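# Structural description and commentary
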Amino acid sequence: MIQVAIMGYGTIGSGVAEILDKNREEIAAAAGEEVALKYVLDLRDFPDSPVEDRIVHDFKIIEEDPEVDLVVETMGGLNPSYPFVRASLLAGKHVATSNKALVAAYGTELLSIAREKGVNFFFEASVGGGIPIIRPLYRCLAGERIEEITGILNGTTNYILTKMDREGSSFEGALKEAQELGYAERNPEADVEGFDACRKIAILTAMATGHEVNYEDIYTEGITKITDVDFQYAEKLGASVKLFASSRMSGGQVHAWVAPVMIGRSHPLYAVNDVFNGILVKGNMLGTSMFYGSGAGKLPTASAVVADIIEAVQNLHTNVKIGWDEKRLTIEDVETASWRYFVRIAGGEELKEKAESIFGHVEIVDLGGRKEFAILTDEMMEIEFKGRAAAFDGVAQALGEDGIRQRIRAEL
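Let us look at the structure shown here. Every value quoted in this text rests on a predicted model; they were computed, and no experiment measured them.

A word on the side chain of Asp230. Mapped onto the elements, Asp230 comes out in helix α11 (residues 228-236). Assessed through its relative accessible area of 0%, Asp230 is described here as buried. Setting aside its immediate chain neighbours within four residues, Asp230 contacts Lys225, Met262, Phe342, Arg344, Gln406 and Ile408.

Structure below.
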């Protein structure tokens, strides 16, 4: 029998405990051995709960118990999760975690310790919740050269943008509703500013390339500047706006970024709405495949953790080749990446002519009844767009106009 300890009895931790109990026969059949929950570490007591008799408050009990083969970390954050996970690995215990912040910040070190100790550090649930994506990258797609990973990796922002698209809600209104429904935190900064998605694409990029990725090197732009008017233009273009987290590997260079992107109905991720996540993976031989499902939630995320538990039990005395090495990957400057650009301009007919002369061939979109219009440029590098935008603003000001009001990258 394999003994497991769960650190953190919150949403995900309680979900793991529930699955270990309700699906014990299926888990034993898949793992090859029965898996039992011995401890639950938490600061709180849980009287009348199914794990009441297994609650402990001292991590040392888990660390020093030789019967505990595997530790599940679902506390979140970095402290005390990092020192507890590190100590567990050093004690020769396998670890499965759902903590994206931990993996993004300390994954390189923790993977190295796991290799040295002959145990495993698994983190399927750290990206995409219940969507299988980490394991497919090192199992199913092991023979591929990954050329692109693009995902809608944050359910909160996807819910907000879906409300704005379908109902014409303002950003503030959609955010408030997301908070009322429990989809957004009281302080939503990590979600709406793109930081959550940034850590997830850093992990996926490291998995795809085999090298360490510093999430702080990734250009990150959130959705706080997206407005209901942007979606009115998008509707006329047969498009929508999604928060993308993307990495593209080509010619020995890697671009990685998080930003809102305007996409058309033919894009595979267009139909990923509400709190769902979708991840597009392009391999040099396979082509494009897509992973879709619940990107968060108690049981979907816990299910991914349990899958890691099973693989750890199957490889109790073997370190599985997973993750990346300590070589830091260079992320190219976002200014060298290329997109089309959707640009809203405050001004009249005179600026339409100036826009065509400065940006080159453009598609002009007019909502009517507003002293503004929008253009959709041809594809160009970010640095080139910035130069043209600066020149255009200068012309607009000389004409006594307001100039550029909004810019959204586009894949149309």
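That shown, we press on.
Attention now moves to the pairing of strand β7 (residues 146-152). Here β7 lies mainly inside the structure; 6 of its 7 residues are buried. Pairing between β7 and strand β11 (residues 276-283): 6 bridges, direction antiparallel. For Ile149, the partnering residue across the bridge sits in β11 and is Val281. The sheet contact formed by β7 and strand β9 (residues 239-250) spans 4 bridges and is antiparallel. Pairing of Gly151 across the sheet is with Ala245, part of β9.

With 8 bridges connecting them, β11 and strand β12 (residues 287-294) associate as antiparallel partners. Directly across from Gly278, in β12, lies its bridge partner Tyr292. In this structure, the hairpin formed by β11 and β12 is closed by a connection of 3 residues.

Where helix α8 (residues 171-180) is concerned, the buried positions are Phe171, Ala174, Leu175 and Ala178. Buried residues of α8 fall within an arc of 100° about the axis and therefore sit on the same side. Every exposed residue of α8 that faces more than 90 degrees away from the buried side is listed here: Glu172, Lys176 and Glu180. Buried residues belonging to α8 abut α7 (155-167) and α9 (189-192). Positive backbone phi, approximately 85°, marks Gly182, located one or two places after α8.

What follows is about the packing of aromatic side chains. For the structure shown, the criterion picks out 12 aromatic pairs. Centroid distance Phe121 to Phe123: 5.6 Å. Interplanar angle 40°. Geometry classified as tilted. Look at Phe121 and you get buried, because its relative accessible area is 1%. The rings of Tyr341, Phe359, Phe385 and Phe392 are connected pair by pair, giving a single aromatic cluster. In this structure, Lys352 packs its charged tip against the face of Phe373, placed 5.6 Å from the ring centre. Across the ring face of Trp339, the terminal group of Arg409 is positioned such that the distance to the ring centre comes to 5.1 Å.

This paragraph deals with the nonpolar core. Generally speaking, a soluble globular protein has its nonpolar side chains buried in company with each other. With 116 residues, the main nonpolar core has Ile62, Phe121, Phe123, Ile134 and Leu204 as its most contacted residues. Residues in contact with Phe123, not counting those within four places in the same chain, are Thr97, Val103, Leu111, Ile134, Ile203, Met207, Asp308, Ile322 and Trp324. Core analysis: the next-biggest nonpolar cluster, separate from the first, contains 27 residues, Ile263, Val343, Ile345 and Leu351 among them.

What follows is about the pattern of salt bridges. In the structure shown here, the tally under the stated rule is 33 salt bridges. Here Glu221 makes a salt bridge to Arg407, at a shortest N to O gap of 3.3 Å. With Glu221 in the loop between β8 (219-220) and α11 and Arg407 in strand β17 (residues 403-411), this residue pair connects regions lying 186 residues apart in the sequence. Put simply, Arg370 and Glu372 hold a salt bridge, and the shortest N to O gap is 4.0 Å. Looking at Glu372, the relative accessible area reads 3%, which means it is buried.

This brings us to the sheet that holds strand β3 (residues 55-56). One open sheet accounts for 6 strands, arranged β3-β2-β1-β4-β5-β6; its pairing is parallel. Looking at strand neighbours, the two that pair on one side only are β3 and β6 (121-122), the edges of this open sheet. Bridge count for strand β1 (residues 2-7) against strand β4 (residues 68-73) is 5 bridges, and the pairing is parallel. Note that in β4 the partner of Val4 across the bridge is Leu70.

Thresholds, definitions, all that
- Residues numbered from 1 in each chain as written.
- Predicted model: local features only at pLDDT ≥ 70, side-chain atom pairs only at ≥ 80, totals over all residues.
- Heavy atoms only, no water.
- Helix = DSSP H or I, 4+ residues; strand = E, 2+ residues; numbered from the N terminus.
- Buried < 20%, exposed > 50% of the residue type's maximum accessible area, 1.4 Å probe, protein only.
- Contact = heavy atoms within 4.5 Å.
- Pairing = 2+ DSSP bridges.
- Arc of directions from axis to C-beta.
- Phe/Tyr/Trp six-rings, centres within 6.5 Å; stacked < 30°, edge-to-face > 60°.
- Lys NZ or Arg CZ within 6 Å of the ring centre and 35° of its normal.
- Core = buried A, V, L, I, M, F, W, Y, C linked by side-chain atoms within 4.5 Å.
- Salt bridge = Lys/Arg side-chain N within 4 Å of Asp/Glu carboxyl O.

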